[in-house]
Amino acid sequence: MLIETYHDAYAVVQHYYTGLHLDHYVCRRRSDRGLYTVIRVRNKKITAQILGFICEQAHNKKFVDLKEQFTADGDLHIVFACEEGTPLLRKLEQGCSIEERMEIGRRVLERMVLLGQPYYFICRCLDPEQIYVTDALAVSFRYTLEQAERYGSYTGAMAAEALERLMRLLFADELRRAAPVPLEEYFAWLQGMEQFDGMEQYRRYELACAEIKKQGQGARKEKKGFLYRLGQLAGSLHKLVKRWLLPLIFAGVFLYMAYNIYLSFQSNGYVDHFQEIGTVEMKDEF
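Residues numbered from 1 in each chain as written. Predicted model: local features only at pLDDT ≥ 70, side-chain atom pairs only at ≥ 80, totals over all residues. Heavy atoms only, no water.

1. Considering the packing of helix 5 (residues 156-170) against helix 7 (residues 181-191)
Where helix 5 meets helix 7, the closest approach of the two axes is 10 Å, and the angle between their N-to-C directions is 160 degrees. Between helix 5 and helix 7, the interaxial angle falls into the category roughly antiparallel. With respect to the hand of their crossing, helix 5 and helix 7 are arranged in left-handed fashion. Every residue of helix 7 that contacts helix 5 at Leu163, Glu164, Met167 and Arg168 is listed here: Tyr186, Phe187, Leu190 and Gln191. Among the residues making up the contact of helix 5 with helix 7, the classes are represented as five nonpolar, one polar and two charged. (Axes fitted to C-alpha atoms, helices over the stretch in contact; angles between N-to-C directions. Helix = DSSP H or I, 4+ residues; strand = E, 2+ residues; numbered from the N terminus. Parallel < 35°, antiparallel > 145°, perpendicular 65-115°, else oblique. Left-handed = near helix turned anticlockwise from the far one by under 90°. Contact = heavy atoms within 4.5 Å. Nonpolar A, V, L, I, M, F, W, Y, C, P; charged D, E, K, R; others polar.)

Listed below in structure tokens is the structure:
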């Protein structure tokens with residue numbers, strides 16, 4: 001399937017979602033061979049409701065993921081950036097360390113700040129199903145326009161709640177156990193948030209992650225404990241023995257042998273004479 005514009009064309013790679021009024025495609029653009037999400041709005045009423053909102057976002061210079069909009073076959077089409085990766089939920093199922101999950105969270109927040117999105121898109125992009133992660137932990141969003149006609153009803157409080165749900169998913173393992181204190185404090189702060197402030201969210205999250213990393217390093221040092229120090233001591237002694245003690249031992253053996261040889265030459269012909277061996281008496285004939 002090919003979606004053509006006045007100056008380019010999008011070849012459909014995957015038709016990944018069909019809603020009541022929307023079709024979502026992953027396409028490859030002819031001009032640069034890049035991947036893009038193309039959303040087709042089939043409902044004219046919804047088109048009229050969201051067109052002004054989409055045009056406003058097209059003029060938002062920070063929102064670089066929104067590439068263009070055009071009409072084809074009488075329907076509005078909106079084009080968003082689309083990068084390859086693994087869906088976040090699948091990535092977490094495969095297993096991620098706490099360091100990797102902290103990095104994923106950081107990059108999500110970083111994208112939120114850099115893109116300067118309105119609350120509607122923030123809420124949508126914070127949905128774990130819309131987040132994709134590469135092996136290098138780069139983060140991208142798979143955009144959707146579900147309920148876009150209600151864009152004005154999305155608030156900062158809803159965005160803050162969406163972020164809290166995402167963070168609880170990322171750190172579910174820690175929250176089931178005794179979570180690090182900085183993480184508990186961060187979630188307590190999240191729960192008290194009434195509005196979404198991207199920069200403040202990013203700053204608070206960075207501080208919490210820095211404290212967790214610091215505590216983790218301290219914990220690893222403590223876990224080394226006595227056995228670790230004993231192993232370190234044994235390693236040091238081994239190096240010491242290998243470098244100094246063995247040569248000294250060889251030198252001592254050599255000197256001992258040399259000393260005995262020297263004594264043998266200093267005996268001056270003196271020979272002990274035994275008068276008896278056991279119960280047998282010996283006579284000196286000389």
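Here the narrative resumes, following the displayed structure.
2. With respect to the confidence of the model for the chain
The share of residues in the chain with pLDDT of 70 or more is 78%, and the mean pLDDT across the chain is 84. Every residue in residues 219-225 is under pLDDT 50, and counting partners more than four places away or in other chains gives two contacts. (pLDDT = per-residue confidence, 0-100.)

3. Section: the sheet that holds strand 4 (residues 35-41)
Strand pairing in a sheet relies on backbone hydrogen bonds. The paired strands run either parallel or antiparallel. Spatial ordering of the open sheet is given by 1-2-3-4-6-5, a layout of six strands whose pairing is antiparallel. Of all the strands in the sheet, just strand 1 (2-4) and strand 5 (66-72) have a single pairing partner and so form its edges. Between one strand axis and the next, the sheet turns by 35 degrees as a mean value, whatever way the strands run. Across three bridges, the pairing between strand 1 and strand 2 (residues 9-18) is antiparallel. Each bridged residue has a counterpart across the sheet, and for Ile3 the counterpart in strand 2 is Tyr10. Here helix 1 (residues 44-58) sits on the sheet and contacts strand 4, strand 5 and strand 6 (75-81); the angle it forms with strand 5, its principal contact strand, is near 145 degrees. (Pairing = 2+ DSSP bridges.)

4. Here's the deal with empty space enclosed by the protein
Applying the stated criterion across every chain yields a total of one cavity of 30 Å³ or more. One number sums up the size of the largest cavity: a volume of about 40 Å³. As for the largest cavity, its lining consists of Asp65, Ala81, Cys82, Glu83, Arg111, Ser140, Phe141 and Tyr143. Looking at the lining of the largest cavity residue by residue, the class counts come to four nonpolar, one polar and three charged. (1 Å grid on protein atoms, 1.4 Å probe; cavity = no way out; pocket = protein on both sides within 12 Å on 5 of 7 lines; lining within 4 Å. Points joined across faces, edges and corners; volume = space filled by probe spheres on them.)

5. A word on the layout of surface pockets
It is the rolling of a water-molecule-sized probe over the atoms that shows where space remains empty. If you add up the space inside the second largest pocket, you get close to 260 Å³. Around the second largest pocket, the lining residues are Gln14, Tyr16, Tyr17, His24, Arg124, Asp127, Glu129, Gln130, Tyr132, Arg142, Thr144 and Glu146. Ranked by residues supplied to the lining of the second largest pocket, first place goes to strand 2 with three residues. In the lining of the second largest pocket, the residues fall into three nonpolar, four polar and five charged.

6. Thoughts on the packing of aromatic side chains
For the structure on display, the rule yields 16 aromatic pairs. Measuring from centroid to centroid gives 6.2 Å for Phe53 and Tyr120, while their planes differ by 85 degrees, and the two rings are edge-to-face. Of this pair, Phe53 sits in helix 1 while Tyr120 sits in helix 4 (residues 119-125), and the two are 67 residues apart along the sequence. Across the pair, exposure class does not vary: Phe53 and Tyr120 are buried alike. The interplanar angle of 65 degrees and the centroid separation of 5.2 Å between the aromatic rings of Phe63 and Phe121 together place this pair among those described as edge-to-face. Taken together, the positions of Phe63 in the loop between helix 1 and strand 5 and Phe121 in helix 4 put the pair 58 residues apart, joining distant regions of the chain. Each member of the pair, Phe63 together with Phe121, is buried. Feature note: the residues Phe53, Phe63, Phe80, Tyr120, Phe121, Phe141, Tyr143, Tyr151 and Tyr154 constitute an aromatic cluster, connected by ring pairs. (Phe/Tyr/Trp six-rings, centres within 6.5 Å; stacked < 30°, edge-to-face > 60°. Buried < 20%, exposed > 50% of the residue type's maximum accessible area, 1.4 Å probe, protein only.)

7. Concerning the environment of Lys44
Inspection of the secondary structure assignment puts Lys44 in helix 1. Distance from Lys44 to His21, taken between C-alpha atoms, is 9.1 Å for residues 23 residues apart in sequence. Beyond its immediate sequence surroundings of up to four residues, Lys44 is in contact with Gly74 and Asp75. For Lys44, the side chain forms a polar contact with the side chain of Asp75, separated by 2.8 Å. (Polar contact = N/O pair within 3.5 Å; in protein donor to acceptor, adjacent residues only side chain to side chain.)

8. Observations concerning the pattern of salt bridges
Per the stated rule, a full pass over the model turns up 16 salt bridges. Put simply, Asp75 and Arg40 hold a salt bridge, and the shortest N to O gap is 2.7 Å. With a gap of 35 residues between them, Asp75 in strand 6 and Arg40 in strand 4 connect regions that are remote in the sequence. A salt bridge links Arg111 to Asp65; the nearest nitrogen and oxygen atoms lie 2.7 Å apart. Of the two residues, Arg111 sits in helix 3 (residues 98-115) while Asp65 sits in the loop between helix 1 and strand 5, which places them 46 residues apart along the sequence. Salt bridges sharing partners connect three or more residues here, namely Glu103, Arg106, Arg107 and Glu110. (Salt bridge = Lys/Arg side-chain N within 4 Å of Asp/Glu carboxyl O.)

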